[in-house]
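Breakdown of the fold
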Amino acid sequence: MEHGHRTRDEKLEVKTTTCYMCACRCGIRVHLRDGEVRYIDGNPEHPLNQGVICAKGASGIMKQYSPARLTLPLRRVPDAERGEAKFEPISWDDAFKLLEDRLGHLRATDPKKFALFTGRDQMQALTGLFAKQFGTPNYAAHGGFCSSNMAAGMIYTVGGSFWEFGGPDLDQARLFVMIGTAEDHHSNPLKIAISKFKRAGGRFISINPVRTGYSAIADEWIPIRPGTDGALFMAIIHVLMAQGLYDRSFIARYSNAGELVNVDPESDRFGLFVHDENSPVVNPLYPQNKMWWDRHSNGPVKTHTAGADPILRGSYTLPDGTPVKPSLQLLEEQVEHCTPEWAAEITGISADTIRRLAIEMGVTARDHKIEMPIPWTDAWGVEHQTVTGNPVAFHAMRGLAAHSNGFQTIRALAIMMSLLGTIDRPGGFRHKAPFPRAVPPSAKPPNGPEAVQPNTPLATGPLGWPAAPEDLFVGHDGEPLRIDKAFSWEYPLAVHGLMHSVITNAWRGDPYPIDTLLIFMANMAWNSSMNTMEVRKMLNDRHPTTDGSRGEYKIPFIVVCDAFQSEMTAYADLILPDTTYLERHDAMSMLDRPISEFDGPVDSMRIPVLPPTGECKPFQEVLIELASRLKFPAFTNADGSRKFKGYTDFLVNFETTPNSGTGFLIGWRGENGDQAVKGAPNPKQIEQYQKNNCFYHHVMPENMQFMRNCNGPYLDWAVENGLRKFKEPIVIQLYSDVMQKFRLAAQGKTTGRKPPDHLRARIERYFDPLPVWYAPLEQAHTDREKFPLAAITQRPMAMYHSWDSQNSWLRQIHGENYLFVNPLMAKAQGIADGGWIYVESPWGKVRCMARYSEAVEPGTVWTWNAIGKASGAWNLSPDANESRRGFLLNHLITDELPGELPGELPSGNGRTSNSDPITGQAGWYDVRVRVYPAEADAQTSLPQIAAMPSLPGSMNRVKRAWLTYFAGSSTPKPRSTEEQS
């Protein structure tokens, strides 16, 4: 058959599914000819992307037929060292038996010696359930090294967060401010929204050290020094307060601005809210008897007393003599010194610009109010005839989060948004189901060593949202009980765990050694680790012996499940080949990270359009099989027989509790498929999703689409349908008594748990109940004169992490990376455009190419993330540009800082994680560097890694013809074992 000509008997099909070339999860149509992928385009009937597709999505064909595909289960060859990538095929039966025996022993003896950590997967409800049923607390996904500060900072303030959980309502906004956001976050939907917003005359301001992607079309670019955004927000709050440009009516009723705080420094309740002892608490987790100072009666009353209106400023004394102040008064005092002039010195943004920006936000919110004729009733029974809004919208992501001061920075952002009256209102920030959650959410982590027992599921999930020291997962002496030290006094609010600390801690045996580490879809031996070269050594390190023989590995057994031959696979003892997204079922579930719209919950599925390649098996099926073999209670019947045939059976029939009606999918529930969100399992549910372009969209009544923090009918509906446990209103927390409870414990003013002595100053300093700006922790360990430049990475529009390293179409866009430098700075250092340079930090040095760019502030250098590769990884040629001319900034970043934080007492170990001391979020963007010209004859980047060989069962190496791939002409097939040898 010649190219471009059809034969009469060829079979043409179009199948719909959900993309997985990034985390956006757009609807796609896959065009097939004779069972082979011919073309992928956007699905115009899908609510998320409405037919739009990006370069990544259209290039999914190259992921499917990638030369980096793993197609066989593999076991490390006996006596081969980790890192040598020497493997032999193993049957799935043998692989399952090996895992069943090893994991069964751990579960029966010491469950915490099994650790499961996953990358940017989209099945955390399932992986988290597996860990809970196993009984191990050592589980988390990628959030700890991605954007956990964004989730924690906003959810602990407003009950929701950006991206999957909420976003800017650009259909009704007039002003849009984007901060610290790269091109890939919420990709296609955000492109669609910004396009409409700009055409409608909206004004777009970008605040970012770099002007790329979305920022390139902004009406104004405000360059900022990395890690200083919190100072900017506090200065804006200062101006809003000083000018009266905040929405008083909104924050008085829907935030805790008027709630009274005990300000007696001698009291053991200092800094906590006072309560009306004569009013019912209602819910001890979220007490409903806090107090206002009513301006009508000039006295204390329970909050939301009918007819009362809180005074938001001033100092008062309760009848029992307790001095109190409203939260807003304390906030005003906190930002009193945070003038635009103060922030200008920190951020590099002029004081005039800061003041102008704050006034533009405040005036736009005040003078351009939106009013919609939608009656609604608030949680206290007051009926409102209209929904109103302030048309100032924001979007922010990892550029704010990936700093060791990120939690307080994002708290400041959320408070600024709240003062402007933009939370879940038209034209502002809108929640997406299942959010908003309570502040904090009611789910809690395990809280003591007795929570982990042999052959017993955890009573709670391994992750949660601490509300007080009693919720921490620590031992009787305050020691950490998770391998990553999440939910310990070191990182109390580590809501997404600290995946970046797992390998280092496990290698060190701190706080204890583990036996088996299962890594899914995370390239921890390369771009997903700080201090990459040292991590690679740790993965291969053994215990010393007295007789000179090889000791046991310090991490005894490593299992890697991935679809591709990444750098991490070389360090596995057992490799499980995952399928691609075109070969499996998946659920973007309301129990996890759905694709909801502002008007109601939306979930979606992936449904296979192709059979698995070779012996690939979806990781979901692997988990169901292991859970059944290990006889987890949720996966077995009373007689011990398996409950689910496989993953699709699980998706349809699993319920969170028996007969709850809440499962992984919300569409077509009930025996006849006539119920939504909640209902009995429907055996034909997946068929219905397949007929409906693989998604279900439940549109809520208009009166429940706004003000959901305090919308009475919505809160009732959310409880009835399993989205929430409690119907109490979610009051915005300008002042966080959660933070103050930890501070009081550090000050010794509580009778319960207290931090170890060496951590008391740390907790007291960073757990401020109001936002505070401090320099990133790494700066205290860095000579700013020697290393004057901030160094950051961004993800390009055409790549997502290292997922597309092997994609022959996308490699033509990003096959190597430069360090982008401001020309003024570069010329002063004698650096030529395109010249080879060294980039050095206190922790490491790389050699790479420089590229001039006017679109970066002079004190910052940056590059694309994860373009540089280890030689031979991803089955690329050993002389591929990615390894010879690309580089990885991770070599310059440390995962630990020497010594203690300022003010801490010595702990004895002489080190501190390079993470936010509140959440444990990795401080990726805190590194400081210097740059200078490399040798005149430099030809390659440094460091260089010994070439990784192809693995048994890998796809044929990419040929030059692949660069102009024509479907039907040269579909690659797995190499047989004989061909490999």
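All of the points below concern the structure found in this document. (Residues numbered from 1 in each chain as written. Predicted model: local features only at pLDDT ≥ 70, side-chain atom pairs only at ≥ 80, totals over all residues. Heavy atoms only, no water.)

All right, on to the overall build of the chain then. Within the chain, the regular secondary structure consists of 24 helices and 36 strands. Computed over its C-alpha atoms, the radius of gyration of the chain comes to 28 Å, within 12% of the 30 Å expected for a compact globule of 981 residues. Each principal axis of the C-alpha atoms in the chain carries an extent, and together these give about 90 × 75 × 65 Å. Taken over 981 residues, the chain has a buried fraction of 66%. Put simply, 70% of the contacts in the chain that link residues at least 6 apart link residues at least 24 apart. Accessible surface for the chain amounts to roughly 33200 Å². Of this, 49% is attributable to carbon and sulfur atoms. In the chain, which carries 101 positive and 109 negative side-chain charges, the distance between the mean positions of the two groups comes to 3 Å. (Helix = DSSP H or I, 4+ residues; strand = E, 2+ residues; numbered from the N terminus. Rg over C-alpha atoms; globule rule 2.2 N^0.38 Å. Buried < 20%, exposed > 50% of the residue type's maximum accessible area, 1.4 Å probe, protein only. Contact = heavy atoms within 4.5 Å. Areas by Shrake-Rupley, 256 points an atom, 1.4 Å probe, with all protein chains shown as cover. Lys, Arg positive; Asp, Glu negative; His and termini not counted. Charge placed at Lys NZ, Arg CZ, Asp CG, Glu CD.)

This part takes up the packing of helix α3 (residues 92-109) against helix α16 (residues 619-629). Two elements in contact, α3 and α16, have axes whose closest approach is 10 Å; the angle formed by their N-to-C orientations is 50°. Judged on the interaxial angle alone, α16 and α3 are oblique. Read as a crossing pair, α3 and α16 show a hand that is right-handed. Mapping the contact onto sequence places Trp92, Phe96, Lys97, Leu99 and Glu100 in α3 and Val622, Glu625, Leu626 and Arg629 in α16. The class makeup of the residues in the contact of α3 with α16 is five nonpolar, no polar and four charged. (Axes fitted to C-alpha atoms, helices over the stretch in contact; angles between N-to-C directions. Parallel < 35°, antiparallel > 145°, perpendicular 65-115°, else oblique. Left-handed = near helix turned anticlockwise from the far one by under 90°. Nonpolar A, V, L, I, M, F, W, Y, C, P; charged D, E, K, R; others polar.)

What follows is about the environment of aspartate 737. With respect to the helices, strands and loops of the structure, aspartate 737 is situated in helix α20 (residues 737-746). For aspartate 737, the contacting residues outside a window of four places in its chain are Leu272, Phe273 and Lys290.

Two numbers describe how helix α14 (residues 499-508) lies on helix α15 (residues 532-539): the axes approach to 10 Å, and their chain directions differ by 45°. Relative to α15, the element α14 is oriented oblique. Crossing hand, α14 versus α15: left-handed. From α14, Ile503, Thr504 and Trp507 reach across to α15, where they touch Val535, Met538 and Leu539.

Attention shifts here to the state of the cysteines. In protein structure, a disulfide is the covalent linkage between the sulfur atoms of two cysteines. Taken as a whole, this structure holds zero disulfides when the rule is applied. Of all cysteine sulfurs in the structure, the one in cysteine 26 sits closest to cysteine 19, which takes part in no disulfide; the separation is 6.4 Å. Take cysteine 19: its relative accessible area is 7%, and that puts it in the buried class. (Disulfide = S-S within 2.5 Å.)

On to the packing of aromatic side chains. Counting across every chain of the model gives 36 aromatic pairs. Considering the side-chain rings of phenylalanine 273 and tyrosine 735, the 5.6 Å spacing of their centres and the 70° angle between planes classify their relative orientation as edge-to-face. Placement of the pair is phenylalanine 273 in the loop between β12 (260-262) and β13 (291-294) and tyrosine 735 in the loop between α19 (712-720) and α20, with a sequence separation of 462 residues. Judged by its relative accessible area of 4%, tyrosine 735 is buried. Here arginine 82 stacks its cationic end above the ring of tyrosine 553, 3.8 Å away from the centre of that ring. Residue placement shows lysine 617 over the ring face of tryptophan 92; its charged tip is 5.3 Å from the ring centre. (Phe/Tyr/Trp six-rings, centres within 6.5 Å; stacked < 30°, edge-to-face > 60°. Lys NZ or Arg CZ within 6 Å of the ring centre and 35° of its normal.)

So, about the pattern of salt bridges. Scanning all chains against the criterion turns up 54 salt bridges. One salt bridge in this structure joins glutamate 164 and arginine 25, with 3.9 Å as the shortest N-O distance. Taken as a pair, glutamate 164 in the loop between α5 (148-158) and β8 (166-168) and arginine 25 in the loop between β1 (12-18) and β2 (27-33) lie far apart in primary sequence, 139 residues in all. Note on arginine 25: relative accessible area 4%, which makes it buried. Among the salt bridges present, the one from glutamate 220 reaches arginine 356, with a minimum N-O distance of 2.6 Å. Placement of the pair is glutamate 220 in strand β11 (residues 220-222) and arginine 356 in helix α11 (residues 351-367), with a sequence separation of 136 residues. By relative accessible area, glutamate 220 is classed as buried at 16%. Assessed through its relative accessible area of 37%, arginine 356 is described here as partly exposed. (Salt bridge = Lys/Arg side-chain N within 4 Å of Asp/Glu carboxyl O.)

Counting buried positions along strand β21 (residues 392-396) yields five of five residues, so the element is predominantly enclosed. Residues Val392, Phe394 and Ala396 of β21 are buried on one face, and the alternating residues Ala393 and His395, pointing to the opposite face, are buried as well. Bridge analysis of strand β9 (residues 175-179) against β21 gives five bridges, and the strand direction is parallel. Across the sheet, the residue bridging to leucine 175 is valine 392, located in β21. (Pairing = 2+ DSSP bridges.)

Right, let's get into empty space enclosed by the protein. Scanning the model with the defined rule gives nine cavities of 30 Å³ or more in all. Considered as a void within the structure, the largest cavity measures approximately 300 Å³ in volume. In terms of lining, the largest cavity is formed by 24 residues, of which the most central are Lys63, Met521, Asp562, Phe564 and Trp803. When the residues that make up the lining of the largest cavity are grouped by side-chain class, the tally is nine nonpolar, 10 polar and five charged. Contributing to the lining of the second largest cavity are 22 residues, with Gly180, Gly399, Thr793, Gln794 and Tyr925 lying nearest its centre. (1 Å grid on protein atoms, 1.4 Å probe; cavity = no way out; pocket = protein on both sides within 12 Å on 5 of 7 lines; lining within 4 Å. Points joined across faces, edges and corners; volume = space filled by probe spheres on them.)

The buried count for helix α4 (residues 124-134) comes to 10 of 11 residues, which makes it a mostly enclosed element. Every buried residue of α4 is listed here: Gln124, Ala125, Leu126, Thr127, Gly128, Leu129, Phe130, Ala131, Gln133 and Phe134. Structurally, α4 contributes buried residues whose contacts are with α3, β6 (114-118), β7 (139-140), α16 and α17 (647-653). In the stretch just after α4, glycine 135 is the one whose phi turns positive, near 100°.

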